[in-house]
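Structural overview
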Amino acid sequence: MSETSRRGSSDVWITAAYEALLENGVDAVKIQPLARTVGLSRTSFYWFFEDREELLAALVALWRQKNTGGILRQAEAYAETIVEAVLNVFDCWLNADLFDSPFEFAMRSWSLQSADILAEVQSADQLRIAALTQMFQRFGYSETASDVHARAIYLVQIGYISMQTHEDGPSRMERIKDYVTVFTGHTPQPRELERFFARHRYTGPVAADRQPTAATP
């Protein structure tokens, strides 16, 4: 067995810690149980981390990079209309590569036990809302209206996560048009919905209803 195989890697430990956090909360993120999970010795952990606190800090950094980073990138993505901009943000709620909802729930649960993590979560909330507010401002909404629209989008989604609301794919897709209308004050155009549905590989009845019946001259 190679030296690398005996020691593992920092990613191995972070992945194990992430899975433990999601399954059983932060109290389950302990070195010895993680060592048993990954099949490595406890001492191998210290090749990569000074202590448990450093591993926990790596989890926070991962969450910050993925979830806050995902929302910020989508809010800043190119869009021709505010409807397209909001649909870019909606990609986060449907693509776990952009935003990890179970990770978000776990972090918010952790924040109930730690003032430091609560501060991290509150800071992330402000950054995300600010990015969404700026998105609306780019499309001519006033400062106050932008803030209200941004909070409506964000707080609804955090409510979904905090309440552990589960929707099947078709049900959520059927609500997309009306959600966008409520959040923006504009009804999505068929082409805007078609592009959104296409990138999420949705071909259900709502998507079919949006297909043009004839080519336009």
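See above for the structure.
Just so it is clear, the model here is predicted, and its values are computed rather than measured.

A word on the overall build of the chain. Secondary structure summary: the chain contains 12 helices and zero strands in total. The linear arrangement of helices and strands in the chain, starting from the amino end, is α-α-α-α-α-α-α-α-α-α-α-α. If you line up the chain on its principal axes, its C-alpha atoms span 70 × 40 × 30 Å. Counting only residues that meet the buried cut, the chain has 41% of its 217 residues in that class.

Turning next to the environment of Ser 171. Its location among the elements puts Ser 171 in helix H10 (residues 169-184). Since its relative accessible area comes to 21%, Ser 171 is described here as partly exposed.

Applying the stated rule across the entire model yields 10 aromatic pairs. Relative to Phe 103, the ring of Tyr 18 lies with its centre 5.0 Å away and its plane at 85 degrees, an arrangement referred to as edge-to-face. Note that Tyr 18 is positioned in helix H2 (residues 10-24) and Phe 103 in helix H7 (residues 101-111), a separation of 85 residues in sequence. Phe 103 sits in the buried class, given a relative accessible area of 1%. With 5.0 Å between their ring centres and 85 degrees between their planes, Phe 136 and Tyr 141 make a pair best called edge-to-face. For the cation-ring pair, Arg 172 lies above Tyr 160, with the distance from its terminal atom to the ring centre recorded as 4.4 Å.

Among the secondary structure elements, Ile 158 is positioned in helix H9 (residues 143-162). Owing to a relative accessible area of 10%, Ile 158 belongs among the buried residues under this scheme. The spacing of Ile 158 and Leu 40 is 118 residues in sequence and 37 Å in space, taken between C-alpha atoms. Sequence-distant contacts of Ile 158, that is, excluding residues within four places in its chain, are made with Glu 104, Arg 108 and Arg 128.

This paragraph deals with unusual backbone geometry. One non-glycine residue with positive phi stands out, namely Gln 164, at about 50 degrees. Mapping Gln 164 onto the fold places it in the loop between H9 and H10. The phi torsion at Arg 201 lies on the positive side, around 55 degrees, for a residue other than glycine. For Arg 201, the location among the structural elements is in the loop between helix H11 (190-199) and helix H12 (205-209). By relative accessible area, which is 74% here, Arg 201 ends up exposed.

Right, let's talk about the nonpolar core for a bit. The biggest cluster of nonpolar side chains holds 33 residues, and the ones touching the most others in it are Val 86, Phe 90, Leu 132, Met 135 and Ile 176. Contributing elements (two or more residues each) for this core: helix H5 (52-76), helix H6 (82-94), helix H8 (115-138), H9, H10 and H11. When neighbours within four sequence positions are excluded, Leu 132 is seen to be in contact with Ala 75, Val 89, Ala 150, Ile 153 and Tyr 154.

Relative to the 34 Å expected for 24 residues at 1.5 Å per residue, H8 spans 35 Å between its end C-alpha atoms, a close match to the ideal helical length. Every buried residue of H8 is accounted for by Ile 117, Val 121, Ala 124, Asp 125, Arg 128, Ile 129, Ala 131, Leu 132, Thr 133, Met 135 and Phe 136. Buried residues along H8 sit in contact with H5, H6, H7, H9 and H10.

Cut-offs and rules
- Residues numbered from 1 in each chain as written.
- Predicted model: local features only at pLDDT ≥ 70, side-chain atom pairs only at ≥ 80, totals over all residues.
- Heavy atoms only, no water.
- Helix = DSSP H or I, 4+ residues; strand = E, 2+ residues; numbered from the N terminus.
- Buried < 20%, exposed > 50% of the residue type's maximum accessible area, 1.4 Å probe, protein only.
- Phe/Tyr/Trp six-rings, centres within 6.5 Å; stacked < 30°, edge-to-face > 60°.
- Lys NZ or Arg CZ within 6 Å of the ring centre and 35° of its normal.
- Contact = heavy atoms within 4.5 Å.
- Core = buried A, V, L, I, M, F, W, Y, C linked by side-chain atoms within 4.5 Å.
- Expected span 1.5 Å × (residues − 1).

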